[in-house]
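Chain residues, written in single-letter form:
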Amino acid sequence: MSSIDNSIDQINNGHKQLTKEVFFAEVRSYIRNEDSLKLIEKAYDFAQEKHKDQYRKSGEPYFNHLLAVAYELAKYRVGPKTICAGLLHDCMEDQGVTKEELTSEFDEEITFLVDSVTKIGGIKFKDEAEYQAANHRKILFAMAKDIRVILIKLADRLHNMRTLNFQPPAKQKKIAQETLDVYAPMAHRLGIAEIEHELENLSFYYLDREHYEEVIRLLNNKKSERDEQIQKMINEISKILSNNKIPFRIFGRSKEIYSIYKKMIDKNKRFDEILDLLAIRIITKTELNCYEILGFIHAAFHPIPGRFKDYIAMPKVNMYQSLHTTIVGIDGGIYEVQIRTEAMNEIAERGIAAHWSYKEGKGNAKGQELRSTQKELDWLKNFDEDFSDSDDPQEFMSTVTHDVFNANIYVMTPKGRVVDLVAGATPIDFAYRIHTEVGHQTVGAIVNGVLVPLNTPLKTGDVVEVKTNKNSEPSSDWLNIVKTTTAKNKIKAYLTKKENEEREDLIKQGEETLRSDMKKRGIDEEEYTDHKKLETLSSSMGFSSVNDFLYAIACKSLSTQSIAEKLVKQKKSEYSDEVIKQITSKAQARRKSSSSSKTGILVAGDADMKTELGTCCTPVFGDDVVGFVSRGKGIKVHRRECPNALKDEKRLINVSWDEEYKGKIKYEANIRIYSSDRNFLLTDLVTCVSQYKANLLAVNSKVNTDHLTVTTSMTIIVDDNEHLDTIMTNLRKVNSVTGVERVFK
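Rules and cut-offs
- Residues numbered from 1 in each chain as written.
- Predicted model: local features only at pLDDT ≥ 70, side-chain atom pairs only at ≥ 80, totals over all residues.
- Heavy atoms only, no water.
- Helix = DSSP H or I, 4+ residues; strand = E, 2+ residues; numbered from the N terminus.
- Buried < 20%, exposed > 50% of the residue type's maximum accessible area, 1.4 Å probe, protein only.
- Contact = heavy atoms within 4.5 Å.
- pLDDT = per-residue confidence, 0-100.
- Pairing = 2+ DSSP bridges.
- Axes fitted to C-alpha atoms, helices over the stretch in contact; angles between N-to-C directions.
- Salt bridge = Lys/Arg side-chain N within 4 Å of Asp/Glu carboxyl O.
- Arc of directions from axis to C-beta.
- Polar contact = N/O pair within 3.5 Å; in protein donor to acceptor, adjacent residues only side chain to side chain.
- Phe/Tyr/Trp six-rings, centres within 6.5 Å; stacked < 30°, edge-to-face > 60°.
- Lys NZ or Arg CZ within 6 Å of the ring centre and 35° of its normal.

*Asks:* Which residues make up the overall build of the protein chain, and what values do they have?
*Replies:* Across its full length, the protein chain carries 33 helices and 21 strands. Among the 745 residues that make up the protein chain, the fraction classed as buried is 51%. In the protein chain, the proportion of contacts linking residues at least 24 apart, taken out of those at least 6 apart, comes to 66%.

Here it is as structure tokens:
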């Protein structure tokens, strides 16, 4: 059956009931230990009893779904405890079964697997997107501990997609998009091509029925002609290999529906320009046979330069191995040929599941699950280190999606370890993937034996060695070089820690400066640097803490002169509230003429403070804003919800807008517009902005990976937040726009 027929068959028949006899026949085909079979039978009966009053949207008993998940797992030859977890995977979430009850009935191992795929409950999230991201994060971290977790989740999602036709259209699209964004990439990363392709094709069917059917039409058009071409090439290659007595089996390979569509969109190609539509796969006995076959094919047919890939010598991180070459056939047609052994073919289709196939025998007599020691799982072992820094579920999923799911270049260490990276990644990205400390201490890189700059983009096949120095440290310039989110986060974390350490030194320096100035003016510095008096003084100057006050002095964004002069004139031994009020009121008077003329901002502090609007959140007149004391740069004004303002509350200072300057100063604002794709979309958006008398400073519109939606980023010039709100409200009314929001850079 072709991939097209299989996809349509699953859509139409995914709800067909599976019988107990068929399920146990599949289980008994590879599990024969009686204790293991009794355990599965117990899980079967337990799940059936717990879900007896539950039904699916189709009207069928909910237990049918659990049985289908367990059956799919059995097809991948997983162990008995994994099959039990497949049968039980919804009993905690849907039927309120507790961990204690499940552990009592079964054991802690099965309970861990079930709990790992159970959705998070009892925690409030700001929206559905954050909730889903938190659930995905939970599953991925559990996967890092035990790969069986994701096998269960993939089997669960596969059956849900096969029965998605019973859901309302809006939910179909939502589930299909999540599947395409998260679960299909998971399957790809684990090398399970069978599940990956089916999930992609089913998602494509529900997300874009029109293009799905168009691709099928194109595939069926001239299908007999293509089949005839492929058969002629198969006959020619078979003669060559038979004459040279090489063991083989050969067949035509059908191209996946979604894969064809992606190539047409991503590479802007017509259907007939896709080179691997005519594809042949050759399966042989040994690795040596693979290279022999390649030699005979290249001797008989002209290979196309740049199209040969040796994934045997350098396997992909998902364990995929094969030789790929593209040749010109006897009829002038272009054919892609894949050559691999039976073992390689098994891994190519079933990925990590092939390594985890359960086998009874020595060391496994009691039916315990196998543990993986494969070196190919290094990326999973390092998962906690690479991705545990982020507390924000959505930020975490964004990082994983970018750095793991979108990895498409493969480089090697000098010892042959394969490291996967995103396109454009540099030696610094590579260093941080090896280890955080290696990244921090990187000073140089050698690629393929040649010393290269640290901003050199790496390519698949490069052998990379980084040079380190234990006295070296990351530079802020690296943030403009690295491409992986993981590396960026680790560099930022290091720089923030360093800045905090420097801040402590500056606080001490600020105290010394204050003491020195007081001493010069004959003031008893011991008395006036008493902590309580400093708290009173710093509070009166608009600082939230003494440390912020002293930090501002050290950075020269707060002058001690006016304070010291007032103290000299005081005959009393303490500051009075009235004196402090006089100091701040004079500062306010000077400030109004010195700072607000440029920004429209009044600062609750000294008149000499320099103010700038934060470029990260682009505040506009009328926004709720706060000042942030920056080392050596005066006061940065941020929107109150800006992450840069929230990262250190001790450095915040009160600021406000000066009504005198309302309408006299223009402000930049960054917005993001979400919409479905259509002709003249950008023209309509720009027209809307101009109609409301706002200047457009920058615009960037990008079609998303689903090829259905568009994200447009704009920087516009507005009078105030009311002006901005009016523009955003009217942008939401533009045809096909689904959302508009202000964004941080």
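*Asks:* Can you lay out the confidence of the model for the protein chain for me, pointing to particular residues and giving the numbers?
*Replies:* With 77% of its residues at a pLDDT of 70 or more, the protein chain shows a mean pLDDT of 79. Confidence, read as mean pLDDT per element, is least for helix α29 (residues 577-594) in the protein chain (44) and greatest for helix α16 (residues 287-300) (95). In the predicted structure, residues 120-126 sits below a pLDDT of 50 and forms nine contacts with residues beyond four places in sequence or in another chain. Note on residues 370-376: pLDDT is under 50 here. Beyond four places in sequence and across chains, it has 14 contacts.

*Asks:* Give a description of the sheet that holds strand β20 (residues 709-718) that names residues and reports values.
*Replies:* Overall, antiparallel pairing links the four strands, which are arranged β19-β20-β18-β21 in an open sheet. Single-partner strands in this sheet number two, and they are β19 (695-703) and β21 (737-742). For this sheet, the mean angle separating the axes of adjacent strands, direction not counted, is 20°. When β19 meets β20, the two strands line up antiparallel, connected through eight bridges. In the sheet register, serine 701 faces β20, and the bridge partner there is threonine 712.

*Asks:* So what's going on with unusual backbone geometry? Which residues, and what values?
*Replies:* Although it is not a glycine, arginine 77 adopts a positive phi angle of roughly 60°. Inspection of the secondary structure puts arginine 77 in the loop between α4 (63-75) and α5 (80-88). Positive phi values are uncommon outside glycine, yet lysine 245 reaches one of about 55°.

*Asks:* Break down the pattern of salt bridges for me, with residues and values.
*Replies:* As enumerated under the stated definition, the model contains 30 salt bridges in all. Lysine 52 is the partner of glutamate 49 in a salt bridge, and the nearest nitrogen-oxygen pair spans 3.0 Å. For glutamate 49, a relative accessible area of 46% gives the class partly exposed. With a shortest N-O distance of 2.7 Å, arginine 217 and glutamate 214 are connected by a salt bridge. With a gap of three residues between them, arginine 217 and glutamate 214 both fall in helix α13 (residues 209-220), about one helical turn apart. Of the residues examined, glutamate 214 reaches a relative accessible area of 31% and is grouped as partly exposed. What you see here is one network of salt bridges that share partners, running through Glu72, Lys75, Arg162 and Glu198.

*Asks:* Could you give an account of helix α32 (residues 681-691), naming the residues involved and the relevant values?
*Replies:* Restricting attention to buried positions, one finds in α32 the residues Leu681, Leu685, Cys688 and Val689. Down the axis of α32, the buried set is contained in an arc of 95°. They therefore lie on one face. The secondary structure elements touched by the buried residues of α32 are β18 (667-676), β20, α33 (721-731) and β21. Of the residues one or two after α32, lysine 693 is the one with positive phi, at around 55°.

*Asks:* A description of the side chain of glutamate 60 should follow, citing residues and the corresponding values.
*Replies:* Of note, glutamate 60 is situated in the loop between α3 (34-50) and α4. Taking relative accessible area as the criterion, glutamate 60 reaches 12% and is therefore assigned buried. A distance of 3.3 Å separates a polar atom in the side chain of glutamate 60 from a polar atom in the side chain of serine 58.

*Asks:* Could you give me a rundown of the environment of leucine 550, with the residues and numbers involved?
*Replies:* Note that leucine 550 resides in helix α27 (residues 546-554). Judged by relative accessible area, which is 3%, leucine 550 ranks as buried. On a C-alpha basis, the gap between leucine 550 and lysine 508 in space is 7.6 Å, while along the polypeptide they are 42 residues apart. When near neighbours in sequence (up to four residues on either side) are disregarded, leucine 550 contacts Leu506, Ile507, Gly510, Glu511 and Leu514.

*Asks:* Break down the sheet that holds strand β16 (residues 652-653) for me, citing the residues and quoting the values.
*Replies:* Taken together, four strands build an open sheet; the order of strands is β13-β15-β14-β16 and the sheet is mixed. With partners counted over all chains shown, the strands left at the sheet margins are β13 (611-613) and β16, one partner each. Sheet analysis places strand β14 (residues 625-630) next to strand β15 (residues 634-639), joined by six bridges and oriented antiparallel. For valine 625, the partnering residue across the bridge sits in β15 and is arginine 639.

*Asks:* Quick rundown of the packing of aromatic side chains? Include the residues and the values.
*Replies:* Tallied over the entire structure, the rule returns 14 aromatic pairs. Both rings, one in tyrosine 44 and one in phenylalanine 63, keep their centres 4.9 Å apart while their planes meet at 85°; by these two values the pair is edge-to-face. A residue pair is termed long-range when its members are at least 10 positions apart, and tyrosine 44 in helix α3 and phenylalanine 63 in helix α4 qualify at 19 residues. The two residues tyrosine 44 and phenylalanine 63 agree in class, both being buried. Ring geometry for phenylalanine 204 against tyrosine 212: centres 5.7 Å apart, planes inclined by 65°, an arrangement best described as edge-to-face. Members of the aromatic cluster, joined through ring pairs, are Phe204, Tyr205, Tyr206, Tyr212, Tyr258 and Tyr261. The lysine or arginine in question, lysine 42, covers the ring of phenylalanine 106, its NZ or CZ lying 5.1 Å from the ring centre. Geometry around tyrosine 311 places lysine 316 over its ring, the cationic atom sitting 4.8 Å from the centre.

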